[in-house]
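In case you want the letters, here they are:
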Amino acid sequence: MRPPAYRTAFVLSGGASLGAVQAGMLSALYERGIAPDVVVGTSVGAISGAFVASRRAVPDTADELAEIWRSVRRRRRVGGPRPDGRAA
């Protein structure tokens, strides 16, 4: 049995702040009526991809995703600079 032929795939990469960038890209695609047959992602792209795959392919979905990423705060890495600028 042959696997189905997919026509449109959204491939979402990792990279922390890219989640917010992906939301803008998705909004532009949805506004043009482009919807995925397949969504794949890695790291933050997997989080965005799971969100997108579980909802309708409409601009409101991308807007909701963007709002989620806007609400995320970064935490400092071990040994990295503190949010207040003092040495770790």
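This text goes with the structure placed above it.
Heads up: these notes are all about the structure in this document. Since we're looking at a predicted model, the values are computed, not measured.

1. Focus on helix 3 (residues 59–71)
Link 1 in the chain: Helix length check: helix 3 (13 residues) gives 19 Å between terminal C-alpha atoms against 18 Å at 1.5 Å per residue, within 8%.
Link 2 in the chain: When we look at burial in helix 3, the residues that qualify are Thr61, Ala62, Leu65, Ala66 and Trp69. Each buried residue of helix 3 sits inside an arc of 140° when the element is viewed along its axis, so together they form one side. Residues of helix 3 that are exposed and angled more than 90 degrees away from the buried face: Asp60 and Arg70.
Link 3 in the chain: Tucked inside the fold, the buried residues of helix 3 contact helix 1 (18–31) and helix 2 (44–53).

2. What about the pattern of salt bridges?
Link 1 in the chain: Scanning the model with the defined rule gives 1 salt bridge in all.
Link 2 in the chain: Ionic pairing is found between Glu67 and Arg70, a salt bridge with its closest N-O pair at 3.1 Å. Of the two residues, Glu67 and Arg70 both sit in helix 3, 3 residues apart, roughly one turn of that helix.
Link 3 in the chain: The exposure class of Glu67 is partly exposed, given its relative accessible area of 45%.
Link 4 in the chain: Judged by its relative accessible area of 54%, Arg70 falls in the exposed class.

About the criteria used
Residues numbered from 1 in each chain as written. Predicted model: local features only at pLDDT ≥ 70, side-chain atom pairs only at ≥ 80, totals over all residues. Heavy atoms only, no water. Helix = DSSP H or I, 4+ residues; strand = E, 2+ residues; numbered from the N terminus. Expected span 1.5 Å × (residues − 1). Buried < 20%, exposed > 50% of the residue type's maximum accessible area, 1.4 Å probe, protein only. Arc of directions from axis to C-beta. Contact = heavy atoms within 4.5 Å. Salt bridge = Lys/Arg side-chain N within 4 Å of Asp/Glu carboxyl O.

The values are spatial; any link to function lies outside them.
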